[in-house]
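Observations on the three-dimensional arrangement
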Amino acid sequence: MDWFAHHKRDLPWRRDVSAYHTLVSETMLQQTRVEAVLTAYTRFLRCLPTVAALADCEENALYKLWEGLGYYRRAKNLQRAAQMIVTDFGGEIPRKVSDLLRLPGVGAYTAGAIASIAYGLRVPAVDGNVLRVMARLEADYADIALPQTKQLLTDHLQNVMPAQNAGDFNQALMDFGACVCLPNGAPLCRTCPVADYCLAFAQNAVGQLPVKSPKKTRRIEERRVFLLLFEDKVALRKRPNSGLLAGLWEFPNTTDDSEAFLASLGVKPETCRPIVPCGEAKHIFTHLEWHMTGTALTLREQPNQKSLCWVDAALLVKDYAMPSAFAHYRSYFLDKP
Ligand code: SF4
């Protein structure tokens, strides 16, 4: 905590602490880099400064605010949590961990972060950074990918947490993991302020810790992505309301036969001029990889197809939330002369 007092990162959600700010920032930070969250967080709070505003936000506007963060299901869960806070908790984010865990999208880590940072309660918040730091400090060879290892370390932290400043204690561990005890064999042991207490360092075992079993390999999908262009507009379609990237806008794409797919949209490639390749792109989800190949087709007439929505560049930027999976093709459309 001495180290934290001098080295803590200056982050916007630390300047104005509240349970709502912690809920929003910690949800955004799940699986997302701090740099990406910095801009999105400020924009999000400017438009949705309260739990009630978030609960009432229209879905498209919510997704637009989430743009750049990925994993859009978090945005939907965050809104469902806000709606539950309004209906079940009178608009106040609850203090009890058991109540926090009822909120959609809130797991043990986020509940611990809200309870300790916003309410000062003595509750651990254990993320990947904390697991790595603890495994090294204690030369613990248990697999940190296993829930029982996480539980044991959480129990252990619960015993050693100070009675005061629990939020600082948790944030000190997070920042220490993010800034000093770095992952991938690159911790800054030579300048580490706790090297004297670190068992992994004493045992020359830093490179072997933490032990983490590899994730399952991802399934690979080959996708064809189509930019259907008509005058100054491009065709979008909305993804289904459940499943991967639910409810977001995308360029029409398929893993099936391209010709049959285009025919189902009322597009006859033989009438399109020009047809140009618009590059390959890859997007990695947790369990899945999309390997995409894009084609831009300039149409002579606009197909009468209800599932397609035609937008120009200005409208696309202003109103349509598109997952980063399509960033390459979105830029292609926006940058074309
Ligand atoms: Fe991490 Fe190295 Fe410090 Fe140990 S000595 S806590 S491994 S940075």
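A brief structural summary.

1. Section: the site of the ligand
- Around the ligand, the structure places R136, L137, F176, C181, P187, C189, C192, A195, C198, F201 and V206.
- Here the shell around the ligand is built from residues that sort into 10 nonpolar, no polar and one charged.

2. Concerning the environment of L308
- Turning to its location among the elements, L308 is positioned in the loop between β6 (288-298) and β7 (309-312).
- Note on L308: relative accessible area 8%, which makes it buried.
- A C-alpha to C-alpha distance of 9.3 Å links L308 and F251, two positions 57 residues apart in sequence.
- What L308 contacts, discounting residues up to four positions off in sequence, is L228, A235, L236, R237, P252 and L265.

3. Focus on the side chain of R74
- Mapped onto the elements of the fold, R74 is located in helix α7 (residues 73-88).
- In this structure the side chain of R74 is engaged in a polar contact, spanning 2.9 Å, whose partner is the backbone oxygen of G70.
- Residue contacts for R74: discarding those within four places in its chain leaves T27, M28, L29, Q30, T32, W66 and L69.

4. Let's talk about the pairing of strand β2 (residues 233-238)
- Looking at chain direction, strand β1 (residues 219-230) and β2 are connected through two bridges and run antiparallel. Paired with F230 across the two strands is K233, which belongs to β2.
- Following β1, the chain reverses through two residues before pairing antiparallel with β2; E231 in that reversal takes a positive phi of roughly 50°.
- Bridge count for β2 against β7 is four bridges, and the pairing is antiparallel. Counted as the bridge partner of A235 is W310 from β7.

Conventions and cut-offs
- Residues numbered from 1 in each chain as written.
- Predicted model: local features only at pLDDT ≥ 70, side-chain atom pairs only at ≥ 80, totals over all residues.
- Heavy atoms only, no water.
- Near = heavy atom within 4 Å.
- Nonpolar A, V, L, I, M, F, W, Y, C, P; charged D, E, K, R; others polar.
- Helix = DSSP H or I, 4+ residues; strand = E, 2+ residues; numbered from the N terminus.
- Buried < 20%, exposed > 50% of the residue type's maximum accessible area, 1.4 Å probe, protein only.
- Contact = heavy atoms within 4.5 Å.
- Polar contact = N/O pair within 3.5 Å; in protein donor to acceptor, adjacent residues only side chain to side chain.
- Pairing = 2+ DSSP bridges.

In short, geometric facts, not functional conclusions.
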